[in-house]
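Given next are the chains, with one letter for each unit.
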Amino acid sequence: MTLTSAALLLFLVMDPLGNIAFFVAALKPVAPERRRKVVIRELLIALGVLVFFLFSGQYALKALHISEPALTMGGGIILLLIALRMIFPAPDKPLREQVEGSEPFIVPLAIPYVAGPSAMATELLLMSQEPGRWPEWLAALLLAWLATGIILLFSTGLNKYLGEKGLIAIERLMGMVLVTVSVEMLMNGIQKFLHL
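Along each chain, the written sequence defines residue order, and numbers are assigned to residues from 1. Residues qualify for local features only when their pLDDT is at least 70, as the model is predicted, and side-chain atom pairs are given and counted only at 80 or more; totals for whole chains, interfaces and linings, by contrast, use all residues. In computing side-chain properties, one takes all heavy atoms of the structure into account and sets aside hydrogens as well as water.

**A few points about the overall build of the protein chain**
Turning to step 1, where the next piece is worked out: The way it works is that DSSP assigns letters per residue, a run of H or I at least four long becomes a helix, a run of E at least two long becomes a strand, and they are numbered from the N terminus. A count of helical and extended segments in the protein chain gives eight helices and zero strands.
Turning to step 2, where the next piece is worked out: Element order for the protein chain, N to C, with α for helix and β for strand: α-α-α-α-α-α-α-α.
Turning to step 3, where the next piece is worked out: Radius of gyration: over C-alpha atoms. The globule rule applied is 2.2 Å multiplied by the number of residues raised to the 0.38 power. Rg of the C-alpha trace for the protein chain: 17 Å, near the compact-globule value of 16 Å for 196 residues, within the 12% margin.
Turning to step 4, where the next piece is worked out: Overall size of the protein chain, expressed as C-alpha extent along the three principal axes, is 55 × 30 × 30 Å.
Turning to step 5, where the next piece is worked out: With a 1.4 Å probe rolled over the protein chains alone, any residue whose accessible area is under 20% of its type maximum counts as buried; one over 50% counts as exposed, and the rest are partly exposed. By the burial criterion, 40% of the 196 residues in the protein chain qualify as buried.
Turning to step 6, where the next piece is worked out: Surface summary for the protein chain: the accessible area is close to 10400 Å², and the carbon and sulfur share equals 70%.
Turning to step 7, where the next piece is worked out: Note on charges: Lys and Arg go in the positive column, Asp and Glu in the negative column, and His and the chain ends are not counted at all. Charge coordinates come from a single atom per side chain, which is NZ of Lys, CZ of Arg, CG of Asp or CD of Glu. Each charge class in the protein chain was averaged separately, 15 positive and 14 negative side chains, and the resulting centres sit 6 Å apart. A 1.4 Å probe and the Shrake-Rupley method give the accessible areas. Residues count as covered only by the protein chains that appear here.

**Digging into the packing of aromatic side chains**
Turning to step 1, where the next piece is worked out: Side-chain rings of Phe, Tyr and Trp, where Trp is taken by its six-membered ring, are said to pair if the distance between their centres is within 6.5 Å; with planes under 30 degrees apart they count as stacked, over 60 as edge-to-face, and otherwise as tilted. As enumerated under the stated definition, the model contains three aromatic pairs in all.
Turning to step 2, where the next piece is worked out: Summarising the aromatic geometry, the rings of Phe 23 and Tyr 113 are spaced 6.1 Å apart at their centres and angled 40° between planes, so their arrangement reads as tilted. Of this pair, Phe 23 sits in helix α2 (residues 16-27) while Tyr 113 sits in helix α5 (residues 109-114); the two residues are 90 residues apart in sequence, bridging distant segments of the chain. Across the pair, exposure class does not vary: Phe 23 and Tyr 113 are buried alike.

**Things to note about a nonpolar patch on the surface**
Turning to step 1, where the next piece is worked out: Patch definition: residues with relative accessible area over 30% and no salt bridge; like charges joined within 9 Å; nonpolar side chains (Val, Leu, Ile, Met, Phe, Trp, Tyr) joined within 5 Å. By convention in these notes, a salt bridge is any Lys or Arg side-chain nitrogen within 4 Å of a carboxyl oxygen on Asp or Glu. The grouping of Leu 146, Ile 150 and Phe 154 at the surface amounts to a nonpolar patch, some 290 Å² of accessible area in total.
Turning to step 2, where the next piece is worked out: You can see Ile 150 is positioned in helix α7 (residues 134-153).

**Considering the packing of α2 against α7**
Turning to step 1, where the next piece is worked out: The convention used is that axes are lines fitted to C-alpha atoms, helices contributing only their stretch in contact, and that angles between N-to-C directions extend from 0 to 180 degrees. At a minimum axis separation of 9 Å, α2 and α7 run at an interaxial angle of 35°. Note that α2 runs across α7; the crossing there is right-handed. For the pair α2 and α7, contact is made by Pro 16, Leu 17, Asn 19, Ile 20 and Phe 23 and by Thr 148, Ile 151 and Leu 152, respectively.
Turning to step 2, where the next piece is worked out: Broken down by class, the residue content of the contact of α2 with α7 amounts to six nonpolar, two polar and no charged. Working rule for handedness: look at the near helix, and if it is turned counterclockwise from the far one by less than a right angle, call the crossing left-handed; if clockwise, right-handed. A contact between two residues is defined here by any heavy atoms of the two lying within 4.5 Å. Classification convention: Asp, Glu, Lys, Arg as charged; Ala, Val, Leu, Ile, Met, Phe, Trp, Tyr, Cys, Pro as nonpolar; all other residues, Gly among them, as polar.

**With respect to the environment of Leu 173**
Turning to step 1, where the next piece is worked out: With respect to the element layout, Leu 173 can be found in helix α8 (residues 155-194).
Turning to step 2, where the next piece is worked out: Judged by its relative accessible area of 51%, Leu 173 is exposed.

**Focus: the nonpolar core**
Turning to step 1, where the next piece is worked out: Counting residues in hydrophobic clusters, the biggest one holds 52 residues, and the most contacted among them are Met 14, Phe 23, Leu 27, Leu 50, Leu 109, Val 114 and Leu 178.
Turning to step 2, where the next piece is worked out: Mapped onto this core, the elements with two or more residues apiece are α1 (3-14), α2, α3 (32-64), α4 (68-87), α5, α6 (117-129), α7 and α8. The criterion is simple. A nonpolar core is a set of buried Ala, Val, Leu, Ile, Met, Phe, Trp, Tyr and Cys residues joined through side-chain atoms within 4.5 Å.

**Description of the environment of Val 181**
Turning to step 1, where the next piece is worked out: For Val 181, the position within the fold is in helix α8.
Turning to step 2, where the next piece is worked out: You can call Val 181 partly exposed: its relative accessible area is 23%.
Turning to step 3, where the next piece is worked out: Sequence separation of Val 181 and Leu 80 is 101 residues, and the distance between their C-alpha atoms is 8.3 Å.

**So, α4**
Turning to step 1, where the next piece is worked out: For a helix, the expected span equals 1.5 Å multiplied by the number of residues minus one. Here α4 contains 20 residues, and its C-alpha end-to-end distance of 28 Å stays within 8% of the 28 Å for a straight helix at 1.5 Å per residue.
Turning to step 2, where the next piece is worked out: Pro 69, Leu 71, Thr 72, Gly 75, Gly 76, Leu 79, Ala 83, Met 86 and Ile 87 are the residues of α4 that are buried. Summarising the axial view, the buried residues of α4 lie within an arc of 160°, below the 170-degree limit, and thus occupy one face.
Turning to step 3, where the next piece is worked out: The inward-facing, buried residues of α4 contact α1, α3, α6 and α8. The reported arc concerns the directions from the helix axis to the C-beta atoms and nothing else.

Shown next, in the form of structure tokens:
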């Protein structure tokens, strides 16, 4: 996997365009002059969590004795489930988290909207397969986070410009791309398990 493809994969699993409506909803109770500061704070928290997990996640896997094929297949299944929820969201179980209080802190903006389980699983896959390329994986994470951050900083304007139908269409499209990525990961895990 190249730096560009890793950054694109991380960007897709962070799903900033699909999270625009969630960010707008979560920020409604926040005073308009505070919203940008809150988003920047939450993005920085998410980056800290993702960088920590990038370097510490592989040690947790070693302690649990999880093999690379199992991790690849598990990551593919997680991505597939998330992609299917993006394409076919359940009306009774939306991806939206309930926000308590007047200003969200860490949950749900930083975790799980930006630093979610799919992003962490993707990082684990990258680092477990080629840990020596950690500078590239860190650069890919920073690129994906930066692109995500720019989109989410302008979430209110994008929400007005694209509208609900436009955001839904984009999320469905990103979900379809993730389905193909998850199937590829599953096939790679099966090939490694069967030593093909």
